[in-house]
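Chains, contacts and geometry: an overview
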Amino acid sequence: MGSNPYPLPQPATPAGADGLAALLARPGKAVVALDFDGTLAEIVPDPEQARAHPRAVPALAALAPHVASVAVVTGRPAGVAVRYGGFERVPGLDHLVVLGHYGAERWDAVSGTVRAPAPHEGVAAVRAELPGVLDQFGAWRGTWIEEKGQAVAVHTRRAADPQAAFDALRDPLAELAARHGLIVEPGRMVLELRPPGMDKGVALVEYVREVGAETVLYAGDDLGDLPAYAAVGKLRSEGHPGLLICSGGEVPELAERADLRLPGPAALADFLAALAEAMGGRPTSDA
């Protein structure tokens with residue numbers, strides 16, 4: 001492989017250093033799992049305009065043949081993440097898996113199809129009541145409702161005071177969700193109302209065990225990634241090395257737990273490319 005101008009950053013923690021060393025020593029036994037928004041794609045005011053960073057997909061395509069599996073773990077519907085990421089029919093990503101709706105949905109490149117559960121009836125009820133709740137609390141102006149099929153989200157990033165709108169809506173939306181058997185997943189200026197029972201941590205552990213991986217890398221940027229961080233901690237306690245990467249620094253709760261902090265999606269894409277370069281073309285079958 002040619003020389004990569006981006007050096008491979010080193011983790012700041014001993015556990016992270018062990019995780020990176022294990023990943024490089026036995027890449028064919030590693031799962032690389034990544035969030036989408038804020039990690040592979042920049043955060044933008046309109047979520048429908050989010051797209052994977054231009055260097056992200058080529059980096060993933062270079063890395064994927066060397067590891068056991070690459071998975072995108074996102075709160076978005078799996079099909080939406082595939083479209084916005086540009087993941088379909090990419091040479092090198094022939095076995096990519098996208099775990100959408102925090103793992104409730106699954107798309108794989110082999111079949112090109114999405115497997116999803118039946119919609120939770122509470123989502124339809126919340127969708128119907130949500131405009132009235134926003135109006136009641138004076139939060140209609142500047143907020144934006146995102147339809148996500150299996151969930152519904154309220155964004156406050158466009159409000160005059162995004163944080164104040166977020167704080168004002170957090171409890172009312174939690175009450176609305178609870179009435180209909182849902183939970184609220186907070187993020188960066190977004191509150192998502194979704195069914196309980198699945199999160200990125202559950203999805204990640206199940207997938208790592210399905211693949212039979214020994215090592216896991218997980219990269220995320222937001223509060224919804226904390227369960228995945230906890231899952232990597234659990235896997236470490238069971239003897240599986242892990243590397244936790246934080247993309248950006250807007251969420252201190254995540255950054256403080258990370259082994260490696262990167263400025264954002266561009267730096268993460270470069271890290272993935274450097275990681276592929278450092279593997280030097282080792283086959284996935286090395287054991």
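See above for the structure.
Read on for a plain summary of the structure. (Residues numbered from 1 in each chain as written. Predicted model: local features only at pLDDT ≥ 70, side-chain atom pairs only at ≥ 80, totals over all residues. Heavy atoms only, no water.)

So, the packing of aromatic side chains
- Under the defined criterion, the tally for this structure stands at two aromatic pairs.
- Summarising the aromatic geometry, the rings of Phe-36 and Phe-87 are spaced 6.2 Å apart at their centres and angled 85° between planes, so their arrangement reads as edge-to-face. Of this pair, Phe-36 sits in the loop between strand 1 (30-34) and helix 2 (56-63) while Phe-87 sits in the loop between helix 3 (78-85) and strand 3 (97-100), and the two are 51 residues apart along the sequence.
- Overall, the relative accessible area of 0% leaves Phe-36 in the buried class. (Phe/Tyr/Trp six-rings, centres within 6.5 Å; stacked < 30°, edge-to-face > 60°. Helix = DSSP H or I, 4+ residues; strand = E, 2+ residues; numbered from the N terminus. Buried < 20%, exposed > 50% of the residue type's maximum accessible area, 1.4 Å probe, protein only.)

Thoughts on empty space enclosed by the protein
- In total, this model carries one cavity of 30 Å³ or more according to the counting rule given.
- For the largest cavity, the calculated volume is near 460 Å³.
- Lining the largest cavity are 28 residues, and of these Asp-37, Ile-43, His-155, Val-190 and Asp-222 lie nearest its centre.
- Of all elements in the fold, only strand 7 (152-155), strand 8 (183-187) and strand 9 (190-194) reach the threshold of two or more residues within the lining of the largest cavity.
- Among the residues making up the lining of the largest cavity, the classes are represented as 10 nonpolar, five polar and 13 charged. (1 Å grid on protein atoms, 1.4 Å probe; cavity = no way out; pocket = protein on both sides within 12 Å on 5 of 7 lines; lining within 4 Å. Points joined across faces, edges and corners; volume = space filled by probe spheres on them. Nonpolar A, V, L, I, M, F, W, Y, C, P; charged D, E, K, R; others polar.)

Some details on helix 4 (residues 121-136)
- Under the 1.5 Å per step criterion, the end-to-end length of helix 4 is 23 Å for 16 residues, consistent within 8% with the ideal 22 Å.
- At Glu-129, helix 4 shows its maximal bend, which comes to roughly 40°, and the proline Pro-131 appears one to four places after that position.
- Buried-residue contacts for helix 4 involve strand 6 (144-147), strand 7, helix 5 (162-179) and strand 9.
- Looking one or two residues past helix 4, Gly-138 carries a phi angle of roughly 65°, positive in sign. (Expected span 1.5 Å × (residues − 1). Bend = angle between axes of the 7 residues up to and from the residue. Contact = heavy atoms within 4.5 Å.)

Concerning the layout of surface pockets
- Empty space within the largest pocket amounts to approximately 210 Å³.
- In this structure, the largest pocket is lined by 13 residues; those nearest its centre are Gln-163, Gly-187, Arg-188, Met-189 and Leu-223.
- Among the elements of the structure, helix 5 and helix 8 (252-255) are those that each provide at least two residues to the lining of the largest pocket.
- Considering every element that reaches the lining of the largest pocket, the biggest residue donor is helix 5, with three residues.

Some words on the sheet that holds strand 8
- Taken in spatial order, the four strands of this open sheet run 6-7-9-8, and their pairing is antiparallel. Edge positions in the sheet fall to strand 6 and strand 8, since each has one partner strand and no second. Along the sheet, successive strands turn relative to each other by an average axial angle of 20°, direction set aside.
- Pairing of strand 6 with strand 7 involves four bridges; the strand directions are antiparallel. By the bridge assignment, Glu-147 is partnered in strand 7 with Val-152.
- Those strands touched by helix 5 are strand 7, strand 8 and strand 9, and its axis lies near 5° from that of strand 9. (Pairing = 2+ DSSP bridges. Axes fitted to C-alpha atoms, helices over the stretch in contact; angles between N-to-C directions.)

Looking at the nonpolar core
- Judged by nonpolar contacts, the single largest core of 44 residues is most densely connected at Leu-40, Phe-87, Phe-271 and Leu-272.
- With eight residues, helix 9 (residues 265-279) is the largest single contributor of residues to this core.
- Ignoring sequence-local partners within four residues, the contact set of Phe-87 consists of Phe-36, Leu-40, Val-57, Leu-60, Val-72, Ala-81, Val-82, Leu-93, Leu-96, Val-98 and Trp-107.
- Counting residues in each nonpolar core, the second largest holds 25 residues, with Val-31, Val-73, Val-208 and Tyr-229 among its members. (Core = buried A, V, L, I, M, F, W, Y, C linked by side-chain atoms within 4.5 Å.)

Some details on unusual backbone geometry
- If you check the backbone angles, Arg-89 has positive phi at about 55° while not being a glycine.
- Residue position: Arg-89 is located in the loop between helix 3 and strand 3.
- Of the residues examined, Arg-89 reaches a relative accessible area of 73% and is grouped as exposed.
- One non-glycine residue, His-101, adopts positive backbone phi at about 50°.

Examining the packing of helix 1 (residues 14-25) against helix 9
- Close contact between helix 1 and helix 9 brings their axes to 9 Å; oriented N to C, the two are set at 50°. As judged from the angle between their axes, helix 1 and helix 9 are oblique. On helix 9, the residues touching Leu-20, Leu-23 and Leu-24 of helix 1 are Leu-275, Ala-278 and Met-279. (Parallel < 35°, antiparallel > 145°, perpendicular 65-115°, else oblique.)

Purely spatial values, then, with no claim about function.
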